[in-house]
Amino acid sequence: MNAKIIVIDDDTKITSMIRRGLTFEGYDVIVANNGREGLMMILDQSPDLVILDVMMPGIDGLEVCRRLRKDGNIPILMVTGRDSVADRVEGLETGADDYLIKPFAFEELVARIKALLRRTDNINTGDYIHFADLTLDLASRSAERNGRSIELSTTEFNLLELFMQNPKRVLPRELIMEKVWGYNFQGESNVLEVYVGYLRHKLELNKEKRLIHTVRGSGYVMKE
C-alpha cells in the first residue's frame, strides 16, 4: 500500500511540483492550499506524513503543527524559505520532525520523506524497553516513569528509543543524527541539543534523577 502524503502550502507552483514528483515516486499525494483546509484533510484522510509550509495566510504552518501535535504523532516535514537557526528551532519546537529550506533539490525532499517514514515503519509492536524507572512501550509509542505517563512526539520517541536500546553506551552526536534523523546535519544545526532538552524536561518533570547525560566532546549517554 502506497504511503499517503498531504502537502499544505499556498504556493501552487511548489505544490504542483511536489505532487507530480512524489506521485511519480509512488506516493499518494493530496494538496491543501491553506492551513484550515489542511487540518480538515488530515482529519478526513489520516495521512502517513504531512509536508507543511510555514508562511501561509490565516492559520500558518506553525499553528497547524501545534494542533497536530496535540492530537497525535504523525510525521511532519516543514518546508519553508525561512532559513535562520532561530526559525529552524522554532519549527522544531512546535513539533516538526524535520525542516527543509526552500529552494531544495527534489532528491533531498524524497530522502527526508523516506527517512521519516522508515521511523514509523520500524515499530517493533508489543515490546517494552526498561531502564531504571523508565518504561518505553514500542506498540503505543508511549513512555512511563514511576507510573507517570509521558507524551512524546515522533522524534522524541525515536531519540529516547535509541538511548534506551543502548544503555550506558556513549553515543556520538553523528551516530545519533544518522539514526534518528536519517542524514547528516553537517554540524550546523543544534536540533539534537534541542530535542535532548525536550526529553530531559519531560523525563525530569517531577524532579526525577537525570538519565540522559552529556559527554563533553563526544555525545550523550543514558545512565543512572
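Residues numbered from 1 in each chain as written. Predicted model: local features only at pLDDT ≥ 70, side-chain atom pairs only at ≥ 80, totals over all residues. Heavy atoms only, no water.

- Going by an unreviewed UniProt entry, the protein carries the name Response regulator transcription factor and comes from Niallia hominis.

## Some points on the overall build of the protein
Here's step 1: From N to C terminus, the protein includes eight helices and twelve strands.
Here's step 2: Taken along its principal axes, the extent of the C-alpha atoms in the protein is 50 × 35 × 30 Å.
Here's step 3: Here the contacts in the protein between residues at least 6 apart in sequence split such that 57% fall between residues at least 24 apart.
Here's step 4: Surface exposure of the protein reaches about 11,200 Å², of which carbon and sulfur atoms provide 48%.
Here's step 5: The protein carries 30 positive and 35 negative side-chain charges, and their two centres are separated by 4 Å. (Helix = DSSP H or I, 4+ residues; strand = E, 2+ residues; numbered from the N terminus. Contact = heavy atoms within 4.5 Å. Areas by Shrake-Rupley, 256 points an atom, 1.4 Å probe, with all protein chains shown as cover. Lys, Arg positive; Asp, Glu negative; His and termini not counted. Charge placed at Lys NZ, Arg CZ, Asp CG, Glu CD.)

## What about the environment of Val170?
Here's step 1: With respect to the helices and strands, the residue Val170 is situated in the loop between helix H6 (154-165) and strand S10 (171-172).
Here's step 2: Its relative accessible area of 40% is what places Val170 among the partly exposed residues.
Here's step 3: The sequence separation of Val170 and Arg82 amounts to 88 residues, and the corresponding C-alpha distance is 34 Å.
Here's step 4: Sequence-distant contacts of Val170, defined by excluding residues within four places in its chain, comprise Val215, Ser218, Tyr220 and Val221. (Buried < 20%, exposed > 50% of the residue type's maximum accessible area, 1.4 Å probe, protein only.)

## Considering the pairing of strand S8 (residues 142-145)
Here's step 1: A one-sided burial pattern is seen for S8, the buried positions being Ala143 and Arg145 and the unburied ones Ser142 and Glu144.
Here's step 2: Bridging between strand S7 (residues 134-137) and S8 involves four bridges; their strand directions are antiparallel. The residue of S8 that forms the bridge with Thr135 is Glu144.
Here's step 3: Following S7, the chain reverses through four residues before pairing antiparallel with S8; Arg141 in that reversal takes a positive phi of roughly 55°. (Pairing = 2+ DSSP bridges.)

## Let's talk about the confidence of the model for the protein
Here's step 1: Looking at the protein as a whole, its pLDDT mean stands at 86, while 92% of the residues score no less than 70.
Here's step 2: Confidence, read as mean pLDDT per element, is least for helix H4 (residues 85-93) in the protein (76) and greatest for strand S1 (residues 4-8) (96). (pLDDT = per-residue confidence, 0-100.)

## Some thoughts on the UniProt feature "modified residue: 4-aspartylphosphate" (unreviewed entry) in the protein
Here's step 1: Those residues carrying the UniProt feature "modified residue: 4-aspartylphosphate" (unreviewed entry) are Asp53 in this numbering.
Here's step 2: With respect to the helices and strands, Asp53 occurs in strand S3 (residues 49-53).
Here's step 3: Of the residues examined, Asp53 reaches a relative accessible area of 4% and is grouped as buried.
Here's step 4: With sequence-adjacent residues up to four places away left out, Asp53 is seen in contact with Ile8, Asp9, Asp10, Gly61, Val79, Thr80 and Lys102. (UniProt positions renumbered as here; feature names shortened; annotations may be inferred.)

## Topic: the pattern of salt bridges
Here's step 1: In total, this model carries twelve salt bridges according to the counting rule given.
Here's step 2: The salt bridge involving Asp53 is made with Lys102; its shortest N-O contact spans 3.4 Å. Of this pair, Asp53 sits in strand S3 while Lys102 sits in the loop between strand S5 (98-101) and helix H5 (106-121), and the two are 49 residues apart along the sequence.
Here's step 3: With its nearest N and O atoms 2.8 Å apart, the salt bridge here joins Arg145 to Asp133. Residue Arg145 is located in strand S8, and its partner Asp133 is located in the loop between strand S6 (128-131) and S7; the two are separated by twelve residues in the primary sequence.
Here's step 4: Among the charged side chains, a network of salt bridges with common partners joins Asp9, Asp53 and Lys102. (Salt bridge = Lys/Arg side-chain N within 4 Å of Asp/Glu carboxyl O.)

## Notes on the sheet that holds S5
Here's step 1: Taken in spatial order, the five strands line up as S2-S1-S3-S4-S5 in an open sheet, and their pairing is parallel. Looking along the sheet, the strands with just one partner apiece sit at the ends: strand S2 (28-32) and S5. Averaged over all neighbouring strand pairs, the angle between strand axes comes to 20°, with direction disregarded.
Here's step 2: Two elements, S3 and strand S4 (residues 76-80), share four bridges in a ladder whose sense is parallel. Considered in S4, the bridge of Leu52 is made with Met78.
Here's step 3: With respect to the sheet, H4 is in contact with S4 and S5, its orientation differing from that of S5 by roughly 145°. (Axes fitted to C-alpha atoms, helices over the stretch in contact; angles between N-to-C directions.)

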